[in-house]
Amino acid sequence: MENFLFDFDGTIADSGDAATLATQACFKDFDLEIPTNDQVRYYMGVPIETFIPELVEKQGKDFTEEQYNEMYQSFREHYSEIEMQTTTLFPGMKTTLEQLKNEGKRLFVVSSKNSISLKRNLKHLGIASLFEDLVGSDQVENYKPAPDGILILLDRYHLDKKQSVMIGDAKYDLQMGKRADIKTCGCLWDTFDKELLEKEHPTYLIEHPSDLLKL
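All figures in this text were calculated on a predicted structure; none of them were measured in a lab.

Student: Mind showing me how you'd approach helix H5 (residues 93–102) here?
Tutor: Since the α-helix turns once every 3.6 residues, residues separated by three or four places project in the same direction. Among the residues of H5, those classed as buried are Met93, Thr96, Leu97 and Leu100. Around the axis of H5, the buried residues are gathered within 100° of arc, so they sit on the same side. Set apart from the buried face of H5 by more than 90 degrees, the exposed residues are Thr95 and Asn102. Packed against the buried residues of H5 are strand S1 (3–6), strand S3 (88–89) and strand S4 (106–110). Positive backbone phi, at 90°, marks glycine 104, one or two positions downstream of H5.

This is the structure:
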């Protein structure tokens, strides 16, 4: 493989419980039933604009677009307070990324995070310079598992699909890669359900970041 497209949370970095805690705080702000850790974890890999409405609707609530926008803002405020304290690179990830870069591989990020938050995270972790470009949720018309983010990069950099792979810890990442007609790689170092990834029949299924060097 020549072109490596990475998800961020759960793939490059471990954000700990930041997303869960931010979601729960957000729901508390709006006097809603606070979702459990497992309920939030189920949706990891998709943007807040997708999973927050679903969780709200499951409570029988009918929110307006304005109310949802206020919830998204609440989530981002809580998340930004928590993320720097909890987000760390997975062991061996930086070394692997550096080696891929040194070998002339092209590295990109396709994430459900907002691009501003994503850039802040990459800079904080000291790996921003290793990536040629990124696409966040605010830069696509359709969210994961739609292939928009990948297609933007394939077109922008004229990448060879046969030499491109989407790497992620969630089924949405693999579904997105398939829909973009590129290779897929499920990573198991942070996944909460190995079977979900196996059911997507990824091209590769790896256990350690260093395994990326073998693709």
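Student: Quick question: what am I supposed to make of the layout of surface pockets here?
Tutor: Looking at the largest pocket, its volume works out to about 720 Å³. If you go around the largest pocket, you meet 42 residues; those closest to its centre are Asp9, Ala19, Met44, Tyr79 and Lys113. Where the lining of the largest pocket is concerned, the elements lending two or more residues are helix H1 (18–29), helix H2 (37–42), helix H3 (48–58), helix H4 (65–86), helix H6 (115–124), helix H8 (171–179) and helix H9 (194–198). The element best represented in the lining of the largest pocket is H4, accounting for five residues. For the lining of the largest pocket, a count of residues per class yields 15 nonpolar, 13 polar and 14 charged.

Calculation notes
Residues numbered from 1 in each chain as written. Predicted model: local features only at pLDDT ≥ 70, side-chain atom pairs only at ≥ 80, totals over all residues. Heavy atoms only, no water. Buried < 20%, exposed > 50% of the residue type's maximum accessible area, 1.4 Å probe, protein only. Helix = DSSP H or I, 4+ residues; strand = E, 2+ residues; numbered from the N terminus. Arc of directions from axis to C-beta. Contact = heavy atoms within 4.5 Å. 1 Å grid on protein atoms, 1.4 Å probe; cavity = no way out; pocket = protein on both sides within 12 Å on 5 of 7 lines; lining within 4 Å. Points joined across faces, edges and corners; volume = space filled by probe spheres on them. Nonpolar A, V, L, I, M, F, W, Y, C, P; charged D, E, K, R; others polar.

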